Amino acid sequence: MKTAHELIPRRLGRGRHYRFALILEGLLILAAMAALLDGSFWGHYLASAACGLQNGLVTRYSDAIVRTTHLTGIITDLGLMVGARLRGVPFDRRKAILFLLIVGGFIAGSGIGAILFRYLGFVALSIPAILAFAISALYGLYSYRRRLGDS
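Residues numbered from 1 in each chain as written. Predicted model: local features only at pLDDT ≥ 70, side-chain atom pairs only at ≥ 80, totals over all residues. Heavy atoms only, no water.

The protein goes by DUF1275 domain-containing protein in an unreviewed UniProt entry, where it is assigned to Tamilnaduibacter salinus.

J.: Give a detailed account of the packing of aromatic side chains, specifying residues and quantitative values.
T.: Inspection of every chain in the model, using the stated rule, returns 6 aromatic pairs. Note on Phe41 and Tyr45: the rings are 5.8 Å apart at their centroids and 85° apart in plane angle, and the pair reads as edge-to-face. Relative to Phe122, the ring of Phe117 lies with its centre 5.3 Å away and its plane at 65°, an arrangement referred to as edge-to-face. Exposure remark for Phe117: the relative accessible area of 42% places this residue in the partly exposed category. Aromatic ring contacts, followed pair by pair, group Tyr18, Tyr139 and Tyr142 into a single cluster. (Phe/Tyr/Trp six-rings, centres within 6.5 Å; stacked < 30°, edge-to-face > 60°. Buried < 20%, exposed > 50% of the residue type's maximum accessible area, 1.4 Å probe, protein only.)

J.: For the UniProt feature "transmembrane region" (unreviewed entry) in the protein, give the residues involved together with the corresponding values.
T.: When the UniProt feature table is mapped onto this chain, "transmembrane region" (unreviewed entry) is found at residues 20-44, 64-84, 96-116 and 122-142. Helix makes up 100% of residues 96-116 and strand 0%, and the two end C-alpha atoms of the span are 30 Å apart. Counted over residues 122-142, helix gives 81% and strand 0%. Its end C-alpha atoms are 32 Å apart. (UniProt positions renumbered as here; feature names shortened; annotations may be inferred. Helix = DSSP H or I, 4+ residues; strand = E, 2+ residues; numbered from the N terminus.)

J.: Describe helix α2 (residues 18-37), and please don't skip the residues or the numbers.
T.: The terminal C-alpha atoms of α2 lie 28 Å apart, and with 20 residues this matches the ideal 28 Å at 1.5 Å per residue to within 8%. Taken as a whole, α2 has its buried residues at Tyr18, Ala21, Leu22, Glu25, Gly26, Leu28, Ile29, Ala32, Met33, Ala35 and Leu36. Two residues or fewer past α2, Gly39 is found with a positive phi of approximately 85°. (Expected span 1.5 Å × (residues − 1).)

J.: Kindly report on helix α4 (residues 72-86), identifying the contributing residues and their values.
T.: Counting along an α-helix, one turn takes 3.6 residues, and residues three or four places apart therefore face a common direction. Over its 15 residues, α4 runs 21 Å from end to end, which matches the ideal 21 Å to within 8%, given 1.5 Å per residue. Listing the buried residues of α4 in full gives Ile74, Leu78, Met81 and Ala84. Viewed along the axis of α4, the buried residues span an arc of 125°, placing them on a single side of the element. Of the residues in α4, the exposed ones pointing more than 90 degrees away from the buried face are Thr72, Leu80 and Leu86. Against α5 (93-120) lie the buried residues of α4. Looking one or two places after α4, you find Gly88, whose phi comes out positive at around 100°. (Arc of directions from axis to C-beta. Contact = heavy atoms within 4.5 Å.)

Here's what the structure looks like:
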């Protein structure tokens, strides 16, 4: 069985500011929630800023242009990959799986978000904020354990 260290890509290294960015993302989501609960249009801008930060995190982490908060480019890329395959170009299964996981995650998250919004309203935004904080804490623990292993 592989250890957590072996499962995490090497690009997820020390010295990166993932923790800070994830905390900022969570704070932006909470600020968006508070503004929307107050009826302020600024909540939409704050939520958009959190989405942009999420895109930046994934792009920086993956060293690829993969967006996680919208699907138009991913669907286009999948269509181009299928078209290329029909012309005889080898199919990049790894990339296709990544894109399909993002599409599936987006659809599942949208459905779960809609259900939660029905019952919680804008308070449902607290859930992704909590997830961002939890991932930040997990990354902090990972970084700390890596530092202990190096000394």
